[in-house]
Amino acid sequence: MMVFNMRSLVLSLMLFFGVSTLAQATPVDTYQFQSEVNQVRALSIANELRCPQCQNQNLIDSNSPVAQDLRLVVFKMVDAGKSDREIIEFMTSRYGEFVLYKPKMEPKTYLLWLGPSLLLIMAFLIGFMFIRRHSAKVNTAQTMTEEEQARLAELLKQNKASE
């Protein structure tokens, strides 16, 4: 009876702490936009910008203090009438190209943009060469000269005779 009560207590505590951490993990920004269009634009821009502290989350998903500050900057700039380009240029001038999830296509980012395609092409070429080489080996193994066929027949006869 004690085991059942202890198990219930442990499960209840796990549920309580699990729910309480979920409730704290999603803070809601209370910024009041001038219009709904500005809100949609600001959220779109903040989704395109990476958090400099978290490095793997955008400004909307991150809960770090830096991301909260940058969200507020983006929101205020949108309400001030700044264009998307001006906001992104401000952020990149301050934090570098790293804050962009989609960096600009320029010579220093060609490898970043073209690298996955090049790797895919190389994988196909290597696969093609491997299959071609393997099929060539199989074809050569299947074609035996008359001398090899006669030797094989002789060996098979000797094997049957010894059984």
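Before reading on, note that the structure itself is shown above.
Here's a quick rundown of the structure. (Residues numbered from 1 in each chain as written. Predicted model: local features only at pLDDT ≥ 70, side-chain atom pairs only at ≥ 80, totals over all residues. Heavy atoms only, no water.)

## Description of the pattern of salt bridges
Selection criterion: The salt bridge definition used is simple: a Lys or Arg side-chain nitrogen within 4 Å of an Asp or Glu carboxyl oxygen. The way it works is that DSSP assigns letters per residue, a run of H or I at least four long becomes a helix, a run of E at least two long becomes a strand, and they are numbered from the N terminus. Classification of residues uses two cut-offs on accessible area relative to the type maximum, computed with a 1.4 Å probe and protein chains only: under 20% is buried, over 50% is exposed, and between them is partly exposed.
Considering all chains together, one arrives at four salt bridges under this definition. One salt bridge in this structure joins Asp 84 and Arg 41, with 2.7 Å as the shortest N-O distance. Residue Asp 84 is found in helix H4 (residues 84-95), and its partner Arg 41 is found in helix H2 (residues 36-48); the two are separated by 43 residues along the sequence. Owing to a relative accessible area of 34%, Asp 84 belongs among the partly exposed residues under this scheme. Residue Arg 41 is classed as partly exposed on the basis of its relative accessible area, which comes to 25%. Salt-bridge contacts for Arg 85 lead to Glu 89; the nearest nitrogen and oxygen are separated by 3.2 Å. Placement of both Arg 85 and Glu 89 in helix H4 is noted, with a separation of four residues, approximately one turn of the helix. Among the residues examined, Arg 85 registers a relative accessible area of 63% and is labelled exposed. Judged by relative accessible area, which is 37%, Glu 89 ranks as partly exposed.

## Quick word on the side chain of Ser 62
To keep things clear, this is the line we draw: Two N or O atoms form a polar contact when they lie within 3.5 Å of each other; inside protein one atom must be a possible hydrogen donor and the other a possible acceptor, and for residues adjacent in sequence the pair counts only when both atoms belong to side chains. In this analysis, two residues are considered to be in contact whenever any of their non-hydrogen atoms come within 4.5 Å of each other.
Within the element layout of this structure, Ser 62 appears in the loop between H2 and helix H3 (65-79). A relative accessible area of 0% places Ser 62 in the buried class. Of note is the side chain of Ser 62, whose polar atom sits 3.2 Å from the backbone nitrogen of Ser 64. Those residues in contact with Ser 62 that lie beyond four places of it in its chain are Cys 51, Cys 54, Gln 57, Ala 67 and Arg 71.

## With respect to a nonpolar patch on the surface
Quick note on the threshold: Think of a patch as exposed residues, more than 30% relative accessible area, with no salt bridge, where like charges cluster within 9 Å and nonpolar side chains (Val, Leu, Ile, Met, Phe, Trp, Tyr) cluster within 5 Å. We get accessible surface area from the Shrake-Rupley algorithm with a probe of 1.4 Å; when it comes to residues, only the shown protein chains can shield them.
Judged by side-chain polarity, Met 105, Tyr 110, Leu 111, Leu 112, Trp 113, Leu 114, Leu 118, Ile 121 and Leu 125 come together as a nonpolar surface patch covering roughly 950 Å² of accessible area. Classification of Ile 121 as partly exposed rests on a relative accessible area of 48%.

## Looking at H3
Residues lying three or four places apart along an α-helix face the same way, a consequence of the helix completing one turn every 3.6 residues. In plain terms, the rule: Given a helix with a known number of residues, its expected span is that number minus one, times 1.5 Å.
Under the 1.5 Å per step criterion, the end-to-end length of H3 is 21 Å for 15 residues, consistent within 8% with the ideal 21 Å. Listed in full, the buried residues belonging to H3 are Ala 67, Leu 70, Arg 71, Val 74, Phe 75, Met 77, Val 78 and Asp 79. On its buried face, H3 is in contact with H2 and H4. Count one or two residues on from H3 and you reach Gly 81, which has phi positive near 95°.

## Side note on the packing of H2 against H4
Applied cut-off: Here an angle of 0 to 180 degrees is reported between the N-to-C directions of two axes, which are lines fitted to C-alpha atoms, with helices fitted over the stretch in contact. Note: crossing handedness is left-handed where the near helix turns anticlockwise from the far helix by less than a right angle, and right-handed where it turns clockwise. Three residue categories are used. Nonpolar comprises Ala, Val, Leu, Ile, Met, Phe, Trp, Tyr, Cys and Pro, charged comprises Asp, Glu, Lys and Arg, and polar comprises the others, including Gly.
Axis separation between H2 and H4 bottoms out at 11 Å; the angle between their running directions is 35°. Crossing of H2 over H4 shows right-handed handedness. Packed against H2, whose contacting residues are Arg 41, Ile 45 and Glu 48, the element H4 presents Asp 84, Ile 87 and Ile 88 at the interface. A per-class count over the contact of H2 with H4 returns three nonpolar, no polar and three charged.

## Focus on the packing of H3 against H4
Between H3 and H4, whose axes approach to 10 Å, the crossing angle comes to 145°. When you trace H3 past H4, the crossing you get is right-handed. On H4, the residues touching Leu 70, Val 73, Val 74, Met 77 and Val 78 of H3 are Glu 86, Ile 87, Phe 90, Met 91 and Tyr 95. When its residues are assigned to classes, the contact of H3 with H4 shows nine nonpolar, no polar and one charged.

## Overview of the packing of aromatic side chains
Quick reminder of the rule: Two rings from Phe, Tyr or Trp (for Trp, the six-membered ring) form a pair when their centres are within 6.5 Å of each other. A pair whose planes differ by under 30 degrees is stacked, one over 60 is edge-to-face, and the rest are tilted. Only when the NZ of Lys or the CZ of Arg is both within 6 Å of the ring centre and within 35 degrees of the ring normal is a charge said to sit over the ring.
Applying the stated criterion across every chain yields a total of one aromatic pair. Look at Phe 33 and Phe 75: their rings are 4.9 Å apart centre to centre, the planes differ by 65°, and that puts the pair in the edge-to-face class. Of the two residues, Phe 33 is situated in the loop between helix H1 (2-24) and H2 and Phe 75 in helix H3; the sequence distance between them amounts to 42 residues. Across the ring face of Phe 98, the terminal group of Arg 50 is positioned such that the distance to the ring centre comes to 4.8 Å.

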